[in-house]
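Reading the structure
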Amino acid sequence: MKASQFFISTLKEAPAEAALASHKLMLRAGLIKANASGLYTWMPMGLRVLRKVEAVVREEMNRAGAIELLMPVIQPADLWKESGRWDFYGDELLRITDRHDNTFCFSPTCEELITDIVRKEITSYKQLPKNFYHIQTKFRDERRPRFGVMRAREFVMKDAYSFHADYESLVRDGYQPMYHAYCRVFDRLGLDYRPVAADTGSIGGTGSHEFQVLAESGEDVIAYSSESDFAANIELAPTLRQSGERAPAQAALAKVHTPGVKTIPELVEFLQIPIERTLKSIVVEGAEEGELVLLLLRGDHEFNDIKAEKLPGVKSPLAMASPEAIQAKFGAAGGSLGPVGFKGKVYADFAVEKLADTVIGANEDDHHYTGFNFGRDCPEPEFADIRNVIAGDPSPDGKGYLKLARGIEVGHVFQLRDKYSAALNASFLDNNGKSQIMEMGCYGIGITRIVAAAIEQNNDERGIIWTNAMAPFQAVIVPMNYKKSEAVREAADKIYAELTAAGVDVLLDDRDERAGVLLADSELLGIPHRIAIGDRGLKEGKVEYTERRSGETELVAAGEIAAKLKGLLA
């Protein structure tokens, strides 16, 4: 491709509203143009990147045995009402009505639609398993679209849905092949990533893994072992029960006046004690009407609401108790609460089980207890995992310790089981002629988000650094004075023809711009390999080769550069 026949639209500065590196660089490099909040046009240079990601994803889906189809962006409301998600999905579901007063929604995902197709087409166990996928535009009406295409309202996603006669087939023929296909996708794209155990969230099901691209700008926190392959989203990573005996009580229970103290940092400052000796109280609604459940954890630990929601006797979805309900049950307001005298269900985190002589709220406003001990001052609670892991915690698999990193979710695989197939009665006849509900899996990859995540992981002060698999062009030829120097033009055209004939995706930047502009654009665009051609070098029969990632430059004989580049890309 010659630049004069293409479209390059770079900027020296990114708009002020761009915060993340990927957002800034995608706008500066002219990969995208903003149209409205959370809506972007993919410009020619950006679309080339997007199509290359799609190609890798499509190849690996086909290799794994998935079958491509294409479902519409607009879906009928009746299917969403049948599954129960029409109201449950919330305001992110953009609803529309046509001229005949029929109600539809813009597709955020396709569980209902594909299940409707399959229930009409597949009737026998002999037709199973099947895995269908498509690469299609999705729309979610984000309240606060931000970070460019990282959290846009309109995006491109590859979503696949598998159907099975039993759970064993779901795992063997659906979930595991998709998991490994995703690993191959991200390996081929050259991304530093981790597959992590994750919560199923609003999609539902019994098991899932997220694929997280590691980046400091990531919204998610993942925990991974220092010695093994264990990795999990911090919301799901379990903590272990501590071994050994609890230290014996040394202090008597004493009520202390703590005026105005409502938070753990204020308590630590007021009493001049280590935060590890404090307990904080969280009150949630119980499963039975009017019941409250008290949750206790160490003052320096972070409460995990996803874990807490799964505790027996706790209302799901998790709901924090109202101030009025707390006052009625405890006789005090939040900030002064504890288990002494409380008659309801109490859970305490594993990390506090062995503690003695701690500080806790006294269920009297502006008062706390020092010298508090389980068993002596209140009945032993039920100990459970209700906190987020921290760096240095033992790895749940017993190998090494946990490290924490930030990540960007770019893929997710789910074992849906019968959440949608049962709701929409997607059934088949088994080998005994008996009707059975299909088992389902679903598997999503954010195509547009991969592009942004890759940039977050691969950039420097000069611009984007693409891998060979994702770059809009694998190589760029930058001729100095292409319009004016016949020698430069002939050399550039010859190398361009050789590379093109060899199947190299090369850009010849023949624009009538200063050398500094051409070189800066090549670095901003992140093209992995650059060949700069000038009259001075050609006098010695040399051209200048630069590798974008390392920045290393060398002089190469003009007649050998095409072979060198073919070798690097092989």
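As annotated in an unreviewed UniProt entry, the chain carries the name Proline--tRNA ligase and comes from Eikenella corrodens CC92I. UniProt, in the comment section headed Subunit (unreviewed entry), describes the chain in these words: "Homodimer." You can read under Catalytic activity (unreviewed entry) in the UniProt record for the chain the words "tRNA(Pro) + L-proline + ATP = L-prolyl-tRNA(Pro) + AMP + diphosphate".

1. Some points on the sheet that holds strand S30 (residues 553-557)
Strand order in the open sheet formed by 5 strands is S27-S26-S28-S29-S30, and the pairing between neighbours is mixed. The sheet is open, and its two borders are formed by strand S27 (506-508) and S30, each paired with just one other strand. Ignoring strand direction, the axes of neighbouring strands in this sheet form an average angle of 25°. When strand S29 (residues 542-547) meets S30, the two strands line up antiparallel, connected through 5 bridges. Considered in S30, the bridge of valine 543 is made with valine 556. Against the sheet, helix H13 (residues 515-524) touches strand S26 (475-479) and strand S28 (529-533), its axis set at about 170° to S26.

2. What about the side chain of threonine 258?
Assignment of secondary structure puts threonine 258 in the loop between strand S13 (254-257) and helix H7 (264-271). Among the residues examined, threonine 258 registers a relative accessible area of 0% and is labelled buried. A distance of 2.8 Å separates the side chain of threonine 258 from the side chain of histidine 368, its partner in a polar contact. Ignoring any residue separated from it by four or fewer positions in sequence, one finds threonine 258 in contact with Leu267, Phe270, Asp366, His367 and His368.

3. Considering the nonpolar core
As a rule of thumb, nonpolar side chains are buried together in soluble globular proteins. If you look at the biggest cluster of nonpolar residues, it comprises 68 residues, and the most contacted ones within it are Met26, Phe186, Ile450, Val451 and Trp466. Ranked by the residues each element gives to this core, the list is headed by helix H6 (residues 167-188), at 8 residues. Of the domains in this structure, domain 1 (47-72 + 107-238 + 404-455) and domain 3 (475-569) are the two that each give at least three residues to this core. Here phenylalanine 186 is in contact with Leu191, Tyr193, Phe211, Val410, Ile445 and Ile450, once residues within four sequence places are set aside.

4. Quick word on the packing of aromatic side chains
One pass over the full model with this rule turns up 11 aromatic pairs. When the ring of phenylalanine 6 is compared with that of phenylalanine 473, the centres are 5.6 Å apart and the planes differ by 85°; the resulting orientation is edge-to-face. Of this pair, phenylalanine 6 sits in the segment before helix H1 (21-28) while phenylalanine 473 sits in the loop between strand S25 (463-464) and S26, and the two are 467 residues apart along the sequence. Ring plane angle 55° and centroid distance 5.4 Å describe the contact between tyrosine 179 and phenylalanine 211, whose orientation is recorded as tilted. With tyrosine 179 in helix H6 and phenylalanine 211 in strand S10 (residues 207-214), this residue pair connects regions lying 32 residues apart in the sequence. By relative accessible area, which is 0% here, phenylalanine 211 ends up buried. For the cation-ring pair, arginine 48 lies above phenylalanine 473, with the distance from its terminal atom to the ring centre recorded as 4.0 Å. Over the ring of tyrosine 347 we find lysine 345, and its NZ or CZ is 4.9 Å from the ring centre.

5. Some thoughts on the pairing of S26
Within S26, 5 of the 5 residues are buried, which leaves it mostly tucked inside the rest of the structure. As judged from the 3 bridges shared by S26 and S27, these two strands associate in the parallel manner. Bridge pairing links valine 476 to leucine 507 in S27. With helix H12 (residues 486-501) bridging S26 and the parallel S27, this β-α-β connection has right-handed handedness. Judged from the 5 bridges that link them, S26 and S28 form a sheet pairing that is parallel. Within the sheet, the bridge partner assigned to proline 479 lies in S28 and is isoleucine 533.

Calculation notes
- Residues numbered from 1 in each chain as written.
- Predicted model: local features only at pLDDT ≥ 70, side-chain atom pairs only at ≥ 80, totals over all residues.
- Heavy atoms only, no water.
- UniProt positions renumbered as here; feature names shortened; annotations may be inferred.
- Pairing = 2+ DSSP bridges.
- Helix = DSSP H or I, 4+ residues; strand = E, 2+ residues; numbered from the N terminus.
- Axes fitted to C-alpha atoms, helices over the stretch in contact; angles between N-to-C directions.
- Contact = heavy atoms within 4.5 Å.
- Buried < 20%, exposed > 50% of the residue type's maximum accessible area, 1.4 Å probe, protein only.
- Polar contact = N/O pair within 3.5 Å; in protein donor to acceptor, adjacent residues only side chain to side chain.
- Core = buried A, V, L, I, M, F, W, Y, C linked by side-chain atoms within 4.5 Å.
- Domains from an automatic or database assignment.
- Phe/Tyr/Trp six-rings, centres within 6.5 Å; stacked < 30°, edge-to-face > 60°.
- Lys NZ or Arg CZ within 6 Å of the ring centre and 35° of its normal.
- Right-handed = clockwise from strand over helix to strand, strands pointing away.

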